[in-house]
Amino acid sequence: ARALTPQTAETDAIRFLVGTQSLRYDNQIHIIDFDDENNIINKNVLLHQVGEIWHISTSPADKGVLATCYNKTSDTKVMTCAAVWRMPKELESGSHESPDDSSSNTQTLELLCHLDNTAHGNMACVMWEPMGDGKKVISLADNNILLWDLQESSAKAVLSSSAALEGKGQLKFTSGRWSPHHNCTQIATANDTTVRGWDTRSMRQIYCIENAHGQLVRDLDFNPNKQYYLASCGDDCKVKFWDTRNVTEPVKTLEEHSHWVWNVRYNHSHDQLILTGSSDSRVILSNMVSISSEPFGHMVDDDELSDQEDQHQEEKIKEPLQDSVIATYEEHEDSVYAVEWSSADPWLFASLSYDGRLVINRVPRALKYHILL
């Protein structure tokens, strides 16, 4: 397995979706519900009969809707296609009841529409408009950016605009992210060693970070609280943080992994917390305070402090906190292809390695209280 996503629209129950990559069996989407109080994982399985799942993403507005990029094999070639699906009604929201044996026979996804890419090449990923109503998605196919409108019926995806990468050589997008800022009018894409920003209204390029990494760029993520900050990671084993207003140099670089870094994710609530997953089989949680929206920690109301504390506090406030690696998780024995924060619990995250092992972890309690208090 290499496809993992939180159920974005589910903000109460802790829930992740995993897509499998099996050549021999029908592929599946596993709905993973984590019961936080009892530390139990419940699982429901949906059949995804069309092929191996390379990427999975969920609607920000509708708990039942998701998109997958999958391999479709015909006699002559393998294509990566994309489609939007709906899960059965009873599985839409996170439930902690284990299914009884009679009802746990595998169910199937309902196809809502294909993102028809016959003209555009292989799909790398599908991104939903982050703050949207679930009607707008962007897919990256080879060297094309395609903006789709999932109309009223959601039974048809209409291509509303597109842009293509032009230039020499093999131009293929590896990944992209839709920025939650600027009224959701910007996306960032990765192709080869380059990171580019695009305006979704004009489909024109707005910035370009050439040679962002020494080798292929694998993943991107936007800081949820600082509108110009973007993280990237790649096959040079590095994670880099950029201010898109000045792209000559990264603001910070992390060099903690010893192999390709497949994934980088900002925590949605506390943007100093950064998760990365790599082919070195490790997940690393870093505390990037200096470039976060609270580089000096939480500001404390003056009224609450006595004079003595006050002085002490003022001295403390002048010093930005130090960046550091908080923890390295070594529960995986294979390449970690995906790390994701839960949409419901900001202190909880999941990681997925190629051998199909999903691990759920929490931010260390001491750090959690340090951030909160």
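Being a predicted model, the structure only gives us computed values, none of them experimental.

S.K.: Please set out the environment of Asn-144 residue by residue, giving values where relevant.
M.R.: Looking at the element boundaries, Asn-144 is found in strand 12 (residues 144–150). Expressed as a C-alpha distance, the spacing of Asn-144 and Lys-172, which sit 28 residues apart in the sequence, is 8.2 Å. In this view, Asn-144 contacts His-120, Ser-139, Ala-163, Ala-164 and Phe-173; residues no more than four positions away in its chain are not counted. A distance of 3.1 Å separates the side chain of Asn-144 from the backbone oxygen of His-120, its partner in a polar contact. Only 3.3 Å separates the side chain of Asn-144 from the side chain of Asn-143, close enough to count as a polar contact.

S.K.: Please provide a residue-by-residue account of the nonpolar core, values included.
M.R.: Core analysis: the biggest nonpolar cluster contains 17 residues, and Val-84, Leu-115, Met-123 and Leu-150 have the highest contact counts within it. Elements with a minimum of two residues in this core: strand 6 (65–73), strand 7 (78–86), strand 9 (110–115), strand 10 (123–128), strand 11 (136–141) and strand 12.

S.K.: Would you mind going over the sheet that holds strand 7 in detail, with residue names and values included?
M.R.: An order of 5-6-7-9 is seen for the four strands of this open sheet, with the pairing classed as antiparallel. Since the sheet does not close on itself, it has two edges, and those belong to strand 5 (53–58) and strand 9, each with one partner. Neighbour to neighbour, the strand axes of the sheet diverge by 30 degrees on average, direction disregarded. Looking at chain direction, strand 7 and strand 9 are connected through five bridges and run antiparallel. Considered in strand 9, the bridge of Val-84 is made with Cys-113.

S.K.: If you had to explain unusual backbone geometry to someone new, which residues and values would you point to?
M.R.: Unlike most non-glycine residues, Asp-142 shows phi in positive territory, near 50 degrees. By the secondary structure assignment, Asp-142 is in the loop between strand 11 and strand 12. Residue classification places Asp-142 among the buried residues on the basis of a relative accessible area of 19%.

S.K.: Can you tell me about the sheet that holds strand 24 (residues 283–287), naming the residues and giving the values?
M.R.: Pairing in this open sheet of four strands is antiparallel, and the strands run 22-23-24-25 from one edge to the other. Taken across any chain shown, the strands that pair with only one partner, and hence form the sheet edges, are strand 22 (261–266) and strand 25 (324–329). Across this sheet, the average inter-strand angle for adjacent strands is 20 degrees, counted without regard to direction. Bridge analysis of strand 24 against strand 25 gives five bridges, and the strand direction is antiparallel. Bridging from a neighbouring strand, Ile-284 pairs with Thr-328 of strand 25.

S.K.: Which residues make up the pairing of strand 5, and what values do they have?
M.R.: With five bridges joining them, strand 5 and strand 6 adopt antiparallel strand pairing. Across the sheet, residue Ile-56 finds its bridge partner in strand 6, namely Thr-68. Counting the residues in the hairpin turn of strand 5 and strand 6 gives six residues.

S.K.: Could you give an account of the packing of aromatic side chains, with specific residues and numbers?
M.R.: In total, this model carries six aromatic pairs according to the counting rule given. For the pair Tyr-329 and Phe-349, a centre-to-centre distance of 5.3 Å together with 70 degrees between the ring planes defines the contact as edge-to-face. In this pair, Tyr-329 is assigned in strand 25 and Phe-349 in strand 27 (residues 348–353), connecting sequence segments 20 residues apart. By the ring-pair criterion, three or more aromatic residues cluster together here, those being Trp-260, Trp-262, Tyr-337 and Tyr-354. Here Arg-2 stacks its cationic end above the ring of Tyr-337, 4.2 Å away from the centre of that ring. Over the face of the ring belonging to Trp-262 we find Arg-218, whose NZ or CZ atom lies 4.0 Å from the ring centre.

S.K.: Can you lay out the side chain of Ser-286 for me, pointing to particular residues and giving the numbers?
M.R.: Take Ser-286: it is sitting in strand 24. A residue is classified by how much of its surface remains accessible, and Ser-286, at 1% relative accessible area, is buried. Non-local contacts of Ser-286, meaning those with residues more than four positions away in its chain, are made with Leu-254, Gln-272, Leu-273, Ile-274, Ser-324, Val-325 and Ile-326.

S.K.: Just give me the short version of the side chain of Ser-281, but keep the residues and values in it.
M.R.: Here Ser-281 lies in the loop between strand 23 (273–278) and strand 24. Within the structure, Ser-281 has its side chain in polar contact with the backbone oxygen of Asp-334 (distance 3.3 Å). Each residue touching Ser-281, except ones within four places of it in the same chain, is listed here: Tyr-329, His-332, Glu-333, Asp-334, Ser-335 and Val-336.

Reading the values: the criteria
Residues numbered from 1 in each chain as written. Predicted model: local features only at pLDDT ≥ 70, side-chain atom pairs only at ≥ 80, totals over all residues. Heavy atoms only, no water. Helix = DSSP H or I, 4+ residues; strand = E, 2+ residues; numbered from the N terminus. Contact = heavy atoms within 4.5 Å. Polar contact = N/O pair within 3.5 Å; in protein donor to acceptor, adjacent residues only side chain to side chain. Core = buried A, V, L, I, M, F, W, Y, C linked by side-chain atoms within 4.5 Å. Buried < 20%, exposed > 50% of the residue type's maximum accessible area, 1.4 Å probe, protein only. Pairing = 2+ DSSP bridges. Axes fitted to C-alpha atoms, helices over the stretch in contact; angles between N-to-C directions. Phe/Tyr/Trp six-rings, centres within 6.5 Å; stacked < 30°, edge-to-face > 60°. Lys NZ or Arg CZ within 6 Å of the ring centre and 35° of its normal.

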